[in-house]
Amino acid sequence: MDISKAPNPRKLELCRKYFFAGFAFLPFVWAINVCWFFTEAFHKPPYSEQSQIKRYVIYSAVGTLFWLIVLTAWIIIFQTNRTAWGATADYMSFIIPLGSA
């Protein structure tokens, strides 16, 4: 999608929609929001909607970073404690590895 041809109010509307869609446990949407609108928010000449777009881009980046940290922490904790948790961890797994580390 080429957002450079869209009018500035449409860019703001799209950025806002992607920001709020990220709250539906979709951090990937926040990452896309940051990628698509980063140049629009920080590298283009100033225009009236730019400050709001900048705010949504910053909040989307913070949300993406937060989810990245939480998911990484969960993966590390789960992988290191899977065998100690026994049957509870097996119920959480789709693929049950054989043996232990």
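Up top is the structure.
Residues numbered from 1 in each chain as written. Predicted model: local features only at pLDDT ≥ 70, side-chain atom pairs only at ≥ 80, totals over all residues. Heavy atoms only, no water.

Chemist: Before we go on, may I ask you to explain helix H1 (residues 8-21) in this structure?
Modeler: Since the α-helix advances by 3.6 residues per turn, residues separated by three or four positions end up pointing in the same direction. If you check H1, its first and last C-alpha atoms are 20 Å apart, about what 14 residues at 1.5 Å a residue would give, namely 20 Å. The set of residues buried in H1 consists of Lys11, Leu12, Leu14, Cys15 and Phe19. Burial along H1 is one-sided: seen end-on, the buried residues are contained in an arc of 165°. (Helix = DSSP H or I, 4+ residues; strand = E, 2+ residues; numbered from the N terminus. Expected span 1.5 Å × (residues − 1). Buried < 20%, exposed > 50% of the residue type's maximum accessible area, 1.4 Å probe, protein only. Arc of directions from axis to C-beta.)

Chemist: Is there a simple way to explain the pattern of salt bridges in this structure?
Modeler: A side chain with one charge can pair with a side chain of the opposite charge if their charged atoms come near. One pass over the structure, following the stated rule, counts four salt bridges. Here Asp90 ties to Arg82 by a salt bridge, and the two come within 4.0 Å at their closest N and O atoms. Its relative accessible area of 27% is what places Asp90 among the partly exposed residues. Ionic contacts of the salt-bridge type, sharing partners, join the residues Arg10, Glu13 and Lys17 into one network. (Salt bridge = Lys/Arg side-chain N within 4 Å of Asp/Glu carboxyl O.)

Chemist: I tried to follow helix H3 (residues 50-85) on my own but got confused; where do I start?
Modeler: Here H3 is 36 residues long and its end C-alpha atoms lie 49 Å apart, about the 52 Å a rise of 1.5 Å per residue gives. Most pronounced at Gln79, the bend in H3 amounts to some 40°. Those residues of H3 that sit buried are Gln50, Ile53, Tyr56, Val57, Ser60, Gly63, Phe78 and Arg82. Against H1, helix H2 (27-42) and helix H4 (87-92) lie the buried residues of H3. (Bend = angle between axes of the 7 residues up to and from the residue. Contact = heavy atoms within 4.5 Å.)

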